[in-house]
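Inside the fold
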Amino acid sequence: MKLMPATTFAADGVLKGNIIALDDAGEPLGWECAGNWSNPGFREKAALGLSESVGINLEQAKAAIGKVLKVARQSALDASPRAEAPPVMTARWPGLIDLVDVGNGQAAFLFVEEGQPKAVERVSQEGQPYVPPQGPCLSPILPLPRYSEVRRHFVTDTDLRLYRNLPTWHQKVSNLGPAWRYNLLALFDLHTWLSDKLAYSPFLIFQSKDPERGKTRSARGVAWVSYRGYVTEILNEANLFRWADAFGLTLMFDVLDLWKKAERKGAEDLILSRFDRNGPKAARVLDPAAGAFADTRYFDVYGPTIMALNELPPDPVLSRSVVIVPPESRGKYPDVTPADALEFKERLCAFRARHLAGELPKLDKPAQGRLGDILLPLAQIAALIGAEPSADLVTVVGELEGDRRRRQTESSEAELIQAILKCAGTGQIVDGKVANLSLTGAFNEGRREKDQLSPEALGKRLTGLGFRACSMPDRTRGRHVDEDLLVALARKFGLDDELEELRKRGLLTTVETVEPSHTALTQIATVGSTVQHNRRETVELQPQSTNDSATVSTVTGGPGNKQNSQVPLGDQCEGEL
């Protein structure tokens, strides 16, 4: 005996339909029942009737009915039309080039399909549709690149022409002095549009105590052509990680004393984390009732960062930064707005569309230490474009190395190393040890009383530099002076002349003047030359129509910004905007 549905079941809130009993040959056994199977009382009566009609006990009848109802319920659900889930707004998606204006302020996703930019109205994942933000939700990234202009620049523009033209924008905004600074800004602009493919994004700082050096103008000029650039004075934690996670903004901070304000807001670590794409995420418990794991969300923090400051931030920020001090200038510069930068923004959007799916050149760091980390992204962009920006970067690296060396030479750490070298020159280092009192005297010599350090304070700083404490023969406190450590730190802080003097006097045995290696810079220039040789700088493709009408479609994918592949739209394209 078996039961089966005799009609199609409906599942509009209740389960209704007919069930019939058949023998093994498929012939009716004389029992059939129709009604509301969602009613427990009705099921009880039906089971009793089945038991009496076919000669099985009541429990067997209930089990048989329950089994066929399970099948009938699933069939009814499969047959009933499903309401589409309401769309969710997102501004990030794998392979997304940017959000673009397809006319009348309407935002759409921009992907690359079959080698050409394509505007897409919505994307979906597992039946959940996603749409771009609209209206006021787009405020941080307005004005949007125009779709028709991005398509035109994608075909007619070249990377090298764009690189050569960007300095003209920055020269229009403000005076920054030598040409290498404008080349640096052009590479920074370009790197923001591919920052999700780079391991680091250097902080760009415009700093001067003089309020009339054009710091804010210069910084805004960079922000307005950067990928989703946004100017703010807000340092609230919630804003910082939500802007980074939702939009992937390039943030420009216009703050009198950034670090002091960041400390008040508790945002120091978030700001530092913007430098590293693989750095920590901001974890926040959003729904405690959801239970372990589901209650917490992890927000991206990484993103390009620009600052206009009167006061320099502390060393942890400076070590991640390229610092530009604008020269004294009283020239007249026109007022510029984000709308004035729109053409460059559209050309840069086309640049991102040309390269997002590709691989960036693999290079060694162009400089030693943290400076090499922060300049590597710019070196990769330079090598991607060709020989000219790669050659320009060699000059940029040399200038920044000189600036950093001069800044390090003036630091308090450099003064500590100078004190140790002074003790070495006066024979106060014996058997690799020097007394704390000797070091303190050498450090404080010539200083005003309020600027002098006690032996205890000096000792803490020396410990931070790696010099271990010890006892002197007279049982006073002292420091081990490891010669290799001393030499490395002296070179780091630009004290090569002092080292050379000690070497000539025979007071140090391992010191030789070593010029910094330029192997990595040679590699950058070589890779850039190869790229330019293999790429035609003239575009022979026929320009696309610049008709403002835009095709929009739906694409299935996944939210986030973790992949860099082009999104295949294929047959899922539909409709006209």
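Here's what I pulled together on the structure shown here. Since the structure is predicted, the reported quantities are computational estimates derived from the model, not experimental observations.

1. Notes on the overall build of the chain
Counting secondary structure elements, the chain contains 19 helices and 20 strands. The 577 residues of the chain split such that 46% are buried. Here the analysis covers contacts within the chain between residues at least 6 apart in sequence; of these, 67% occur between residues at least 24 apart. When the accessible surface of the chain is summed, it comes to about 28000 Å², and 50% of that surface belongs to carbon and sulfur atoms.

2. Some thoughts on the sheet that holds strand β6 (residues 107-113)
In space, the three strands of this open sheet follow the order β5-β6-β7, with antiparallel pairing throughout. The sheet terminates laterally at β5 (98-101) and β7 (116-120), the two strands that pair on one side only. Taking the axes of each pair of neighbouring strands and ignoring which way they run, one obtains an average angle of 45° across the sheet. Strand direction decides the pairing type here: β5 and β6, joined by four bridges, are antiparallel. Among the inter-strand pairings, D101 is bridged to a residue of β6, identified as A107. Along the sheet, helix α3 (residues 147-156) contacts β5, β6 and β7; its crossing angle with β7, the most-contacted strand, is approximately 165°.

3. As for the packing of aromatic side chains
Two numbers describe a pair of aromatic rings. These are the distance of the centres and the angle of the planes. For the coordinates displayed, the defined rule picks out nine aromatic pairs. Where W37 meets F42, the ring centres are 4.9 Å apart and the plane angle is 75°; that geometry is what we call edge-to-face. The class for W37 is buried, based on a relative accessible area of 0%. Taking 6.3 Å as the distance between ring centres and 75° as the angle between the ring planes, the aromatic pair formed by F203 and F275 counts as edge-to-face. Placement of F203 in strand β10 (residues 203-207) and of F275 in the loop between α9 (268-273) and β13 (282-285) is noted, with a sequence separation of 72 residues between them. Overall, the relative accessible area of 0% leaves F203 in the buried class.

4. Topic: the nonpolar core
Of all hydrophobic cores here, the largest spans 110 residues; its most connected members are L190, L204, F206, L258, I306 and M307. Per element, the largest residue contribution to this core is 11 residues, and it comes from helix α12 (residues 369-385). In terms of nonpolar packing, the next biggest core, distinct from the first, is built from 27 residues, A419, A442, F443 and L458 among them.

5. Side note on the side chain of D295
Tracing the sequence through the fold places D295 in the loop between β13 and β14 (296-299). Lacking a salt bridge, the buried D295 has R297 as its closest oppositely charged neighbour, with an N-O distance of 12 Å. Side chain to side chain, D295 and T296 meet in a polar contact 2.9 Å long. Setting aside anything within four residues of it in sequence, one finds D295 in contact with R284, V285, L286, D287, P288 and A290.

6. Concerning unusual backbone geometry
Here the bond from L142 into P143 is cis, since omega is 0°, no more than 30 degrees from zero. In this fold, P143 is placed in the loop between β9 (128-131) and α3. With phi around 70°, R475 is a residue other than glycine that occupies positive phi space. Checked against the element boundaries, R475 lands in the loop between β18 (469-471) and β19 (477-480). Looking at R475, the relative accessible area reads 78%, which means it is exposed.

7. Some points on the packing of helix α5 (residues 179-192) against helix α13 (residues 387-409)
One can describe the packing of α5 onto α13 by two numbers: an axis separation of 9 Å at closest approach and a directional angle of 110°. In this view, α5 runs roughly perpendicular relative to α13, as classed from their interaxial angle. Helix-helix and strand crossings are classified by hand; for α5 and α13 the assignment is left-handed. Two secondary-structure elements touch here, α5 through W180, N183, L184 and L187 and α13 through P389, D392, L393, T395, V396, E399, L400 and D403. For the contact of α5 with α13, the per-class residue count stands at seven nonpolar, two polar and three charged.

8. Some thoughts on the pattern of salt bridges
Two side chains with opposite charge may pair up if their charged atoms get near one another. Using the criterion set out here, one finds 24 salt bridges in the structure. Here E445 ties to K422 by a salt bridge, and the two come within 3.6 Å at their closest N and O atoms. Placement of the pair is E445 in the loop between α15 (436-444) and α16 (455-465) and K422 in helix α14 (residues 412-425), with a sequence separation of 23 residues. Residue class for E445 comes out exposed when judged on its relative accessible area of 57%. By sharing partners, the salt bridges in this structure join R92, K281 and D300 into a single network.

9. Quick notes on the sheet that holds strand β17 (residues 433-435)
Sheets are built from strands paired through backbone hydrogen bonds, the pairs being either parallel or antiparallel. Ordered in space as β17-β19-β18, the three strands form an open sheet in which the pairing is antiparallel. Two strands lie at the open edges of the sheet, namely β17 and β18, each paired on one side alone. Here the strands of the sheet are splayed against their neighbours by 45° on average, with no regard to which way each runs. Taken together, the three bridges between β17 and β19 define a ladder with antiparallel strand orientation. What sits directly across from V434, in β19, is R479. Strands β17 and β19 of the sheet are contacted by α15, whose axis makes an angle of about 70° with β17.

Conventions used here
- Residues numbered from 1 in each chain as written.
- Predicted model: local features only at pLDDT ≥ 70, side-chain atom pairs only at ≥ 80, totals over all residues.
- Heavy atoms only, no water.
- Helix = DSSP H or I, 4+ residues; strand = E, 2+ residues; numbered from the N terminus.
- Buried < 20%, exposed > 50% of the residue type's maximum accessible area, 1.4 Å probe, protein only.
- Contact = heavy atoms within 4.5 Å.
- Areas by Shrake-Rupley, 256 points an atom, 1.4 Å probe, with all protein chains shown as cover.
- Pairing = 2+ DSSP bridges.
- Axes fitted to C-alpha atoms, helices over the stretch in contact; angles between N-to-C directions.
- Phe/Tyr/Trp six-rings, centres within 6.5 Å; stacked < 30°, edge-to-face > 60°.
- Core = buried A, V, L, I, M, F, W, Y, C linked by side-chain atoms within 4.5 Å.
- Lys, Arg positive; Asp, Glu negative; His and termini not counted.
- Salt bridge = Lys/Arg side-chain N within 4 Å of Asp/Glu carboxyl O.
- Polar contact = N/O pair within 3.5 Å; in protein donor to acceptor, adjacent residues only side chain to side chain.
- Parallel < 35°, antiparallel > 145°, perpendicular 65-115°, else oblique.
- Left-handed = near helix turned anticlockwise from the far one by under 90°.
- Nonpolar A, V, L, I, M, F, W, Y, C, P; charged D, E, K, R; others polar.

These values are about where atoms sit, not about what they do.
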